[in-house]
Amino acid sequence: MNAEAFDADEVDRIVAAWARERPDLDTGPLQVFSRVSRLARHLDLARKTAFRTHGLVIWEFDVLSALRRAGKPYELTPGQLMASTLVSSGTMTNRIDRMVDHGLVVRHADPQDRRVVRVRITTDGMRRVDRAMAELLEREAQLLASLPTAVRTELAGLLRTLLLPFEC
């Protein structure tokens, strides 16, 4: 397809302005990353709304979803949670403390090694994360609604290819 087949968006206007003002620059990366950035803002808003509806903030959802994905008995060590959510030890300790206070998780000693602490999702935490996840997926599906399934699959593959070097 040629460029005329598409409606212009704000990124097109930004790129055109830079091309006019600085024709010596390759503005091609803006075509991708400005759109990714703008989409990330829409996704962030959808996430915050979905989580807020269920009494959660983003970081609580991240911790609860890591525990939920762990499978029965839905528990992990603080170190495993740190690795899953990419936060420091101090931050994770603070988060767990706050979530214990809110009744979303409990701490207990590992029965095999009492020196090891394990964090387990509570029934309320499970209920909230399950409902928040269902709403999040509905909102994300709405964000992708204009794309046919084949295009979504292709886009997911392209984004994976772009992201992999950063995650290895």
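Residues numbered from 1 in each chain as written. Predicted model: local features only at pLDDT ≥ 70, side-chain atom pairs only at ≥ 80, totals over all residues. Heavy atoms only, no water.

Please explain the layout of surface pockets as it appears in this structure.
The rolling of a water-molecule-sized probe over the atoms marks out the regions of remaining empty space. Of the pockets and cavities examined, the largest pocket occupies roughly 1,500 Å³. In terms of lining, the largest pocket is formed by 32 residues, of which the most central are Arg-35, Leu-39, Leu-147, Leu-155 and Leu-159. When residues of the lining of the largest pocket are traced back to their parent elements, those giving at least two are α1 (10–21), α2 (28–53), α6 (123–144) and α7 (149–167). When the residues that make up the lining of the largest pocket are grouped by side-chain class, the tally is 18 nonpolar, 3 polar and 11 charged. (1 Å grid on protein atoms, 1.4 Å probe; cavity = no way out; pocket = protein on both sides within 12 Å on 5 of 7 lines; lining within 4 Å. Points joined across faces, edges and corners; volume = space filled by probe spheres on them. Helix = DSSP H or I, 4+ residues; strand = E, 2+ residues; numbered from the N terminus. Nonpolar A, V, L, I, M, F, W, Y, C, P; charged D, E, K, R; others polar.)

Before we go on, may I ask you to explain the packing of aromatic side chains in this structure?
Two numbers describe a pair of aromatic rings. These are the distance of the centres and the angle of the planes. Applying the stated criterion across every chain, the model contains 1 aromatic pair. Measuring from centroid to centroid gives 4.1 Å for Phe-51 and Phe-61, while their planes differ by 15 degrees, and the two rings are stacked. Placement of Phe-51 in helix α2 and of Phe-61 in helix α3 (residues 58–69) is noted, with a sequence separation of 10 residues between them. (Phe/Tyr/Trp six-rings, centres within 6.5 Å; stacked < 30°, edge-to-face > 60°.)

When you look at the packing of α1 against α2 in this model, what are you seeing that I'm missing?
How two helices pack is summed up by the angle between their axes together with the distance between the axes. Contact geometry of α1 with α2 gives a least axis separation of 10 Å together with a crossing angle of 140 degrees. Taken together, the axis directions place α1 and α2 in an arrangement best described as oblique. The crossing of α1 and α2 is right-handed. For the pair α1 and α2, contact is made by Glu-10, Val-11, Asp-12, Val-15 and Trp-18 and by Leu-30, Gln-31, Ser-34, Arg-35 and Arg-38, respectively. Of the residues in the contact of α1 with α2, the class split is 4 nonpolar, 2 polar and 4 charged. (Axes fitted to C-alpha atoms, helices over the stretch in contact; angles between N-to-C directions. Parallel < 35°, antiparallel > 145°, perpendicular 65-115°, else oblique. Left-handed = near helix turned anticlockwise from the far one by under 90°. Contact = heavy atoms within 4.5 Å.)

None of the figures reported here should be taken as evidence of function without further support.
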